[in-house]
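Per-entry structural report
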Amino acid sequence: MPRTPLVAVLTAVLLTSACAGSPDPGGPQPAPAPPAGSTAGSTAVGSDSLGELSGIDVVFLSTMVGHSERTLQIVRSSRDRVHDDALRTLAAAIEATEADELVTMRGWLPTTGPGASATAHHHEGHGDDAALDRLRNAPAPDVDRMLREVLADHQRSAADLARAQVGVGRNERVRDLARRIEQSRTAEVELLGGTP
């Protein structure tokens, strides 16, 4: 399956935004504290000690929310049709992990102020719509193979996005989440390719 162009576009946005905000060639630095009363370029987050979110962090989180919502659609669309027990177990684990991550990411995203409009990201209309339709309409003997293909491609894209965020993100907790996403999605892709 061809990798969705969304990954390339978002990676470019992540890298461009990071470069624009970080003139220091030594790599991404923590976002400086804004002047008192200022919220330009960052979004204050509630009392969970997340700290400040830069625009790049908000873009990543909102993109990953849409991506995880689509993952749940993919897994749930074939949940009752999967034949292979190992694949069923893996799909259930993916569903549980991403449902938990969604709660975290939605809680971190701003609902007002600078960057709030970036949280309106939806996955519909992206390149994987056709893949999801093929999975939904796959005949019974093809469901397992189709789920492996669609899910592997989708999770590979998530790993790519997370890897880009690790390199350019400003908030350390968001970067830590991105590291965990990159590792888990990469492992999932390997497992999806390794099942018979």
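Since the structure is predicted, the reported quantities are computational estimates derived from the model, not experimental observations.

Considering the overall build of the chain
Each helix and strand counted, the chain has six helices and two strands in total. In the chain, buried positions account for 45% of the 196 residues. By element, 58% of the accessible surface of the chain is carried by carbon and sulfur atoms, the whole surface being about 9500 Å².

Structural notes on the packing of helix α4 (residues 129-136) against helix α5 (residues 143-168)
As a packed pair, α4 and α5 sit with axes 9 Å apart at the nearest point and diverge in direction by 160 degrees. Classified by the angle their axes make, α4 and α5 are roughly antiparallel. For α4 against α5, the interelement crossing comes out left-handed. For the pair α4 and α5, contact is made by Ala 131, Arg 134 and Leu 135 and by Val 143, Met 146, Leu 147 and Val 150, respectively.

Details of the confidence of the model for the chain
When pLDDT is averaged along the chain, the result is 78; 65% of the residues meet or exceed 70. Mean pLDDT in the chain bottoms out at helix α1 (residues 5-21), which sits at 43, and peaks at helix α3 (residues 85-108), which reaches 97. pLDDT under 50 marks residues 1-47. Its contacts with residues more than four places away, or in other chains, come to 68 contacts.

Focus on the pattern of salt bridges
Summed over all chains, the structure comprises 16 salt bridges. Residues Asp 129 and Arg 70 are paired through a salt bridge, measuring 2.9 Å at the closest nitrogen-oxygen approach. With Asp 129 in helix α4 and Arg 70 in helix α2 (residues 55-78), this pair connects stretches of sequence that are 59 residues apart. When its relative accessible area of 3% is taken as the criterion, Arg 70 is described as buried. Here Arg 88 and Asp 85 are joined by a salt bridge, their closest N and O atoms 2.6 Å apart.

Section: α4
Every α-helix winds through 3.6 residues per turn, so residues three or four apart in the chain are directed the same way. The set of residues buried in α4 consists of Ala 131, Leu 132 and Leu 135. Viewed end-on, α4 has its buried residues packed into an arc of 100 degrees, placing them on one side of the element. Elements in contact with the buried residues of α4: α2 and α5.

Conventions adopted
Residues numbered from 1 in each chain as written. Predicted model: local features only at pLDDT ≥ 70, side-chain atom pairs only at ≥ 80, totals over all residues. Heavy atoms only, no water. Helix = DSSP H or I, 4+ residues; strand = E, 2+ residues; numbered from the N terminus. Buried < 20%, exposed > 50% of the residue type's maximum accessible area, 1.4 Å probe, protein only. Areas by Shrake-Rupley, 256 points an atom, 1.4 Å probe, with all protein chains shown as cover. Axes fitted to C-alpha atoms, helices over the stretch in contact; angles between N-to-C directions. Parallel < 35°, antiparallel > 145°, perpendicular 65-115°, else oblique. Left-handed = near helix turned anticlockwise from the far one by under 90°. Contact = heavy atoms within 4.5 Å. pLDDT = per-residue confidence, 0-100. Salt bridge = Lys/Arg side-chain N within 4 Å of Asp/Glu carboxyl O. Arc of directions from axis to C-beta.

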